[in-house]
Amino acid sequence: MEKRGRRRIMELTLQNFTPAEQATFRLRALYEQGGYRKYRASRFEEYALYQEYQRFLPDPQVITFTDLDGKLRAIKPDVTLSIAKTAQPAPGECKRFYYNEEVCRASRESHTFQTIHQMGLECMGEVDEAAQAEVLRLALASLAALDVPTVLEVSHMGFVTGLLDVLDVPATAHARLVELLCAKNEHELRKAALQAGADEAGADALCGLLTLHGPFGATLTAAKAAAISPSQKAALAELLALQNALGEAGRGLQLDLSMADEAEYYNGIIFTGYAAGIPRAVLKGGQYDYLMQRFTPGAKAIGFAMYLDELERLAAPLPPVQQQGGEKTWLNIALPKGRLGDKAYALLAGAGYSANEDYNDTRKLVVENPEAGVRYFLVKPSDVAIYVEHGAADIGIVGKDILTESGADVYELLDTGMGKCRMCVAGPRNFVDDESRALRVATKFVNIARDHYERRGRDIDIVKLNGSIELAPILGLSDVIVDIVETGTTLKENDLTVIEEFMPISARFIANKASYKFKYAQLTELLTKMKEALAQ
């Protein structure tokens, strides 16, 4: 009774702390009870370590400085690399560490470095099936400590790489195929597989991975019928052993065999955790023998990290719109202002998802249909992907140009075929590229232009413009432009011509990754009806 009373007092006391602080206390107790001892990392590391093992870092950009002893050091961007370097388990030994540290990484959104608070654990050395199951059990328990609905999805790198190895496609194409697979981008995945040399059966098998997700046991059974290579069958045998070792503790575990993030880092079981109310993953982990064996030959390793900064969202009040929704599960839909948004809305309305009032006839920013459980809001086309990635919208309709330029971490579930045009390089009719100097390129699509010319190995100087792009080569501001071309009329009237077409553009149906987990039934029902409406 006395222990139970102390535990109740402790839980009451914890309510005075933020969600991240509460998680820190609970996870520390959980990991120490599991036999993990705390690893205290120094804030700095010699830069040479990150230079040598750059491919194992989340981002190659790090903050460096010359220390007082003259050595070049870096503010730590990763904890696992430091633990792997110092652990040095003896043959037959399994070392267990947990950590509560801050790392410094470049932010894609703010274009600055930011501090990220992580808490996680690493199991290194003699890692057998029981040790793997123990780590997954602790990952499940870590999510359960958040006191909100959560999902833990598991995959195996060997199931994806095993299929790629037997397809008749060059190794140089693997990264792009995995990227499309992880984005659930079936329409481009099939096309890319065929262009890389796969036959129709191979493309079908690759796209078939997208159907292999759901409850662990049922998905594992379906995957057995789809496995065509020895590596895939070995991966499924390992997943089955994991399921057996977890037993009842693994109830509710999900399997998603299209998940294959960070192929150079992970080599076996991988897993990702989501929490309701948080738009991004809050837990990521997996088996990383490649890195571990760089420091300790023959050793294995598996671990995960919780992203504590994300948990602060749990303390934020619900947005006013969500406070009005009651217990009903709503789909929040971001539509782009203009013709594309009107077309998308007409399509959704025809599929049975019309709003109770026409958004073009009202000054309301949000219109909805309680019966259908949908809520619409119009935003600038360039902002749709941002709303979806950050969870303000569950789904959205966005042009491929804007989606690619933003680099938003979302699922791309459908090419609607609406708003077709193409991304082009254009310039004067008599243009000849002088390769002895950098090519001056005017565009508002900076990332797309940079990526295009990097793949060609061409040195460029980018001039960022926000409008009237065609003026740049006419006035000598640039040699060429990178821009969207629909009919080409503006180019012709200004004595410009398309030099190269390199990206087809159309409107895409995108979804927030967490929403896809927690609102899967509603989201896929709407997507199915939208496909039917497009087919008419």
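Residues numbered from 1 in each chain as written. Predicted model: local features only at pLDDT ≥ 70, side-chain atom pairs only at ≥ 80, totals over all residues. Heavy atoms only, no water.

## Digging into the overall build of the protein
Helices and strands together make up the secondary structure of the protein, namely 21 helices and 23 strands. For 536 residues, the compact-globule estimate of 2.2 N^0.38 gives 24 Å, and the protein sits close to it at 25 Å. Along the first, second and third principal axes, the C-alpha set of the protein runs to 80 × 60 × 50 Å. Look at the contacts in the protein between residues 6 or more apart in sequence, and 69% of them connect residues 24 or more apart. Carbon together with sulfur atoms contributes 50% to the accessible area of the protein, which is approximately 25,800 Å² in total. A distance of 4 Å separates the average location of the 60 positive side-chain charges in the protein from that of its 72 negative side-chain charges. (Helix = DSSP H or I, 4+ residues; strand = E, 2+ residues; numbered from the N terminus. Rg over C-alpha atoms; globule rule 2.2 N^0.38 Å. Contact = heavy atoms within 4.5 Å. Areas by Shrake-Rupley, 256 points an atom, 1.4 Å probe, with all protein chains shown as cover. Lys, Arg positive; Asp, Glu negative; His and termini not counted. Charge placed at Lys NZ, Arg CZ, Asp CG, Glu CD.)

## A short note on the pairing of strand β10 (residues 269-275)
Counting buried positions along β10 gives seven out of seven residues, so the element sits mostly inside the fold. In β10, alternate side chains face the same way, and those of Ile269, Phe271, Gly273 and Ala275 on one face and Ile270, Thr272 and Tyr274 on the other are all buried. Direction of pairing for strand β7 (residues 150-156) relative to β10: antiparallel, over a ladder of seven bridges. Each bridged residue has a counterpart across the sheet, and for glutamate 153 the counterpart in β10 is threonine 272. (Buried < 20%, exposed > 50% of the residue type's maximum accessible area, 1.4 Å probe, protein only. Pairing = 2+ DSSP bridges.)

## Comments concerning the nonpolar core
If you look at soluble globular proteins, the nonpolar side chains tend to sit buried side by side. Membership of the largest hydrophobic core comes to 102 residues, with the highest contact counts inside it found for Val154, Phe271 and Phe304. It is helix α5 (residues 129-144) that contributes the most residues to this core, eight residues altogether. Not counting residues within four places of it along the chain, the set of residues in contact with valine 154 comprises Leu136, Phe216, Leu239, Leu242, Leu253, Gln254, Leu255, Asp256, Met259, Ile269, Ile270 and Phe271. By size, the runner-up hydrophobic cluster in this structure holds 32 residues, among which are Ala351, Tyr353, Ala355 and Ala507. (Core = buried A, V, L, I, M, F, W, Y, C linked by side-chain atoms within 4.5 Å.)

## Observations regarding the pattern of salt bridges
Per the counting criterion, the structure on display carries 36 salt bridges. Between lysine 71 and glutamate 46 there is a salt bridge; the shortest N-O distance is 3.5 Å. Taken as a pair, lysine 71 in the loop between β3 (64-66) and β4 (72-75) and glutamate 46 in strand β2 (residues 44-46) lie far apart in primary sequence, 25 residues in all. Given the relative accessible area of 40%, lysine 71 is considered partly exposed. Notably, a salt bridge pairs arginine 96 with glutamate 134, separated by 3.0 Å at the nearest N-O pair. Note that arginine 96 is positioned in strand β5 (residues 94-106) and glutamate 134 in helix α5, a separation of 38 residues in sequence. (Salt bridge = Lys/Arg side-chain N within 4 Å of Asp/Glu carboxyl O.)

## With respect to the sheet that holds strand β18 (residues 421-428)
Taken together, the five strands give an open sheet; going across it, the order is β20-β19-β21-β18-β22, and neighbouring strands pair in mixed fashion. In the strand order of this sheet, the two ends are held by β20 (460-464) and β22 (496-505), each with one partner. Recorded for the sheet is a direction-independent mean angle of 30 degrees between the axes of neighbouring strands. In the sheet, strand β19 (residues 439-443) pairs with β20 via five bridges, with the strands oriented parallel. In the sheet register, threonine 443 faces β20, and the bridge partner there is lysine 464. Most of the contacts of helix α17 (residues 446-456) go to β20, to which it runs at about 170 degrees, and overall it touches β18, β19, β20, β21 (480-485) and β22. (Axes fitted to C-alpha atoms, helices over the stretch in contact; angles between N-to-C directions.)

## What to know about α5
In this model, α5 (16 residues) spans 23 Å end to end at C-alpha, consistent with the 22 Å of a helix rising 1.5 Å per residue. Considered for burial, the residues of α5 that qualify are Ala131, Gln132, Ala133, Glu134, Val135, Leu136, Leu138, Ala139, Leu140, Ser142 and Leu143. (Expected span 1.5 Å × (residues − 1).)

## Comments concerning the sheet that holds β2
The strand order across the open sheet formed by three strands is β2-β4-β3, and the pairing between neighbours is antiparallel. Of all strands in the sheet, those bounded by a partner on one side alone are β2 and β3. Each strand of the sheet is rotated relative to its neighbour by a mean of 40 degrees, with strand direction disregarded. Judged from the three bridges that link them, β2 and β4 form a sheet pairing that is antiparallel. Each residue of the ladder has a partner; that of phenylalanine 44, found in β4, is isoleucine 75.

## Side note on the environment of aspartate 165
Here aspartate 165 lies in helix α6 (residues 157-166). In sequence terms aspartate 165 and serine 229 are 64 residues apart; their C-alpha atoms lie 8.5 Å from each other.

## Re the pairing of strand β15 (residues 374-379)
Here β15 lies mainly inside the structure; five of its six residues are buried. Taken together, the six bridges between strand β13 (residues 331-336) and β15 define a ladder with parallel strand orientation. Looking at β15, one finds that asparagine 332 is bridged to arginine 375. Sheet topology note: the strand β14 (residues 366-369)/β15 ladder contains four bridges and is antiparallel. The residue bridging asparagine 369 from the neighbouring strand is valine 374, located in β15. From the end of β14 to the start of β15, which pair antiparallel, there are four residues, and glycine 373 there has a positive phi angle of about 70 degrees.

## Quick notes on the packing of α6 against helix α7 (residues 174-182)
The interhelical angle for the contact between α6 and α7, taken along N-to-C directions, is 135 degrees, at an axis separation of 11 Å. In terms of orientation, α6 lies oblique with respect to α7. Of the two elements, α6 crosses α7, and the hand of that crossing is right-handed. Contact residues: α6 offers Val160, Leu164 and Asp165, while α7 offers His174, Leu177, Val178 and Leu181. Of the residues in the contact of α6 with α7, the class split is five nonpolar, one polar and one charged. (Parallel < 35°, antiparallel > 145°, perpendicular 65-115°, else oblique. Left-handed = near helix turned anticlockwise from the far one by under 90°. Nonpolar A, V, L, I, M, F, W, Y, C, P; charged D, E, K, R; others polar.)

The analysis is restricted to geometry; functional conclusions fall outside its scope.
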